[in-house]
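# Observations on chain architecture
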Amino acid sequence: QREADARQIQHIGTGSKVLVYDIGGGTLDLTLVELGVRTSQSEPSLDDLQFVVLDISRHNLFGGEDFDLRLARDFLYPSLKDAFPALSRLELTDEERLVLRYDLINEAEKLKIGLNEEIGFGEDGIHFNISSLVVREETYDLSVDLSYQQYKSLMASFLEASGAASKNALSPIDEILKTSGIDRAEINYFLPVGGMSKLQPLHEALKRYWGDEQSFLRFPTPMEAIARGAAVYSYLKSTYPEFRIEEPAADAYYILLNDGTFDLLLRRHQRKSERHTFHLANASSQLLMEIFAGADPPTDGSVETIYHTLFYQGGMAVPLGKEYPKDTPVYIEIERRYDTKVPVVRVGVGNTSLTEIDFEDL
């Protein structure tokens, strides 16, 4: 199988650029890879494999869970109220609403998994039953029909290019091409993977948006692509301990401020930040610090536009040695270490020198 995989890579072509589109239950990750083999022989082995990650784009607030929530909120709940008018007249407590919401999202997830793996939409759509929904000790059984067109309409904002960037399946494609500086015409192949990539409406939207069916790759199952990739990586890593994948930094780093906003500490392509100055919000003997990672802000510096990409990295209460009064200046530097890919944070307060904090301790 290893030799077959190597031949497939050679068939794709040395120097080919592949855009890997990985969408799962909770996140969407795009990776732009250039690959090839280091031999002109007709029978290459995996030992000849070479590839370079050109760019990475993470979208941590979009994935399969958004499809579940949309189906539960905009289809299952209205269908339940239409089928049982008395239920819509009940004044439910917050806890009862949360339980019902959870149950409907759970049913929506089951339907999505079935659509991904087994059912698919037929000409007449799909028919499914939801049984044993309990509200106020009453049990409700719901039977509904859902057409393919209805489903696409429900998910339109996810599947159309005009949708909101933070909750859209298509706009991240243009984002990574823009940030990488690579034209779409230079991309030789588009490879969708991940548990959500087989969902029929999403798969069709991606193929239509990409526009070139010849370069649109598809494994028998998305999981097979991931499994083969993991097997190839494990083989190379175990055979050649020094093997590593060269890749750019995936994230910029931000600090959460006391007012709930974020301030940029380090851009994606910076090695070391400048010294940032903040001030204690209150008299304190410790600094409460929380670090987030995400996309670079646009050139105008408006960090708010990339809030949807931020995800929590870690936090800690940094001891300051003694209590300092309110408004005492605090200095923070962050440096990226490419040998470990774990940045280091340095913190100082007042006239003290900066103290290094290992990011792994956050």
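Conventions and cut-offs
- Residues numbered from 1 in each chain as written.
- Predicted model: local features only at pLDDT ≥ 70, side-chain atom pairs only at ≥ 80, totals over all residues.
- Heavy atoms only, no water.
- Pairing = 2+ DSSP bridges.
- Helix = DSSP H or I, 4+ residues; strand = E, 2+ residues; numbered from the N terminus.
- Axes fitted to C-alpha atoms, helices over the stretch in contact; angles between N-to-C directions.
- Phe/Tyr/Trp six-rings, centres within 6.5 Å; stacked < 30°, edge-to-face > 60°.
- Buried < 20%, exposed > 50% of the residue type's maximum accessible area, 1.4 Å probe, protein only.
- Lys NZ or Arg CZ within 6 Å of the ring centre and 35° of its normal.
- pLDDT = per-residue confidence, 0-100.
- Salt bridge = Lys/Arg side-chain N within 4 Å of Asp/Glu carboxyl O.
- Contact = heavy atoms within 4.5 Å.

## A closer look at the sheet that holds strand β7 (residues 252-256)
Spatially, the 4 strands line up as an open sheet ordered β8-β7-β10-β11, and their pairing is antiparallel. Of all strands in the sheet, those bounded by a partner on one side alone are β8 (262-266) and β11 (311-324). Here the average twist between neighbouring strands, direction ignored, is 30°. Judged from the 9 bridges that link them, strand β10 (residues 284-294) and β11 form a sheet pairing that is antiparallel. By the bridge assignment for β11, Phe292 is matched with Tyr312.

## Regarding the packing of aromatic side chains
Evaluated as defined, the whole model comprises 9 aromatic pairs. Seen from their ring centres, Tyr21 and Phe190 are 5.7 Å apart, and the 35° between their planes marks the pair as tilted. Residue Tyr21 is found in strand β1 (residues 16-23), and its partner Phe190 is found in strand β6 (residues 189-193); the two are separated by 169 residues along the sequence. For the pair Tyr21 and Phe190, one class covers both residues: buried. Between Phe190 and Trp210, the ring centres sit 4.9 Å apart and the planes meet at 35°, which makes this aromatic pair tilted. With Phe190 in strand β6 and Trp210 in helix α8 (residues 200-210), this residue pair connects regions lying 20 residues apart in the sequence. Trp210 shares its class with Phe190; the two are buried. By the ring-pair criterion, three or more aromatic residues cluster together here, those being Tyr21, Phe190, Trp210 and Phe216. Residue placement shows Arg70 over the ring face of Phe158; its charged tip is 4.1 Å from the ring centre. The ring centre of Tyr331 lies 5.9 Å from the NZ or CZ of Arg275, which sits over that ring.

## Overview of the pairing of β6
Where burial is concerned, most of β6 is hidden: 5 out of the 5 residues are buried. Burial along β6 is two-sided: the residues Tyr189, Leu191 and Val193 and Phe190 and Pro192 are all buried.

## Side note on the confidence of the model for the chain
Scored by pLDDT, the chain has a mean of 82; 84% of the residues are at 70 or more. Looking over the chain, one finds the lowest element-wise mean pLDDT in helix α1 (residues 2-12), namely 53, and the highest in helix α2 (residues 64-83), namely 93.

## What to know about the pattern of salt bridges
Counted under the stated rule, the structure contains 14 salt bridges. Of the charged contacts, one joins Asp68 and Lys112 as a salt bridge, the two residues approaching to 3.2 Å between their closest N and O atoms. One end of the pair, Asp68, is in helix α2; the other, Lys112, is in helix α4 (residues 94-117), with 44 residues separating them in the sequence. For the pair Asp68 and Lys112, a shared accessibility class is recorded, and that class is buried. We note a salt bridge from Arg73 to Asp74, for which the minimum N-O separation is 2.9 Å. Owing to a relative accessible area of 47%, Arg73 belongs among the partly exposed residues under this scheme. The partly exposed category is assigned to Asp74, whose relative accessible area is 34%.

## Some thoughts on the side chain of Ser16
Its place among the elements puts Ser16 in strand β1. Apart from residues no more than four positions distant in its own chain, Ser16 is found in contact with Val33, Glu34, Leu35, Asn188 and Tyr189.

## Some details on the environment of Thr31
For Thr31, the position within the fold is in strand β2 (residues 28-37). Residues Thr31 and Val18 lie 13 residues apart in sequence; the distance between their C-alpha atoms is 8.2 Å. Ignoring sequence-local partners within four residues, the contact set of Thr31 consists of Val18, Leu19, Val20, Val53, Asp55, Ile56 and Ile176.

## Remarks on the environment of Tyr233
Tracing the backbone shows Tyr233 in helix α9 (residues 222-239). Owing to a relative accessible area of 36%, Tyr233 belongs among the partly exposed residues under this scheme. Along the sequence, Tyr233 and Phe243 sit 10 residues apart, while their C-alpha atoms lie 9.1 Å from each other.

## Observations concerning the side chain of His276
Note that His276 resides in strand β9 (residues 276-279). Discounting chain neighbours no more than four positions away, the residues touching His276 are Asp263, Leu264, Leu265, Val330, Tyr331 and Ile332.

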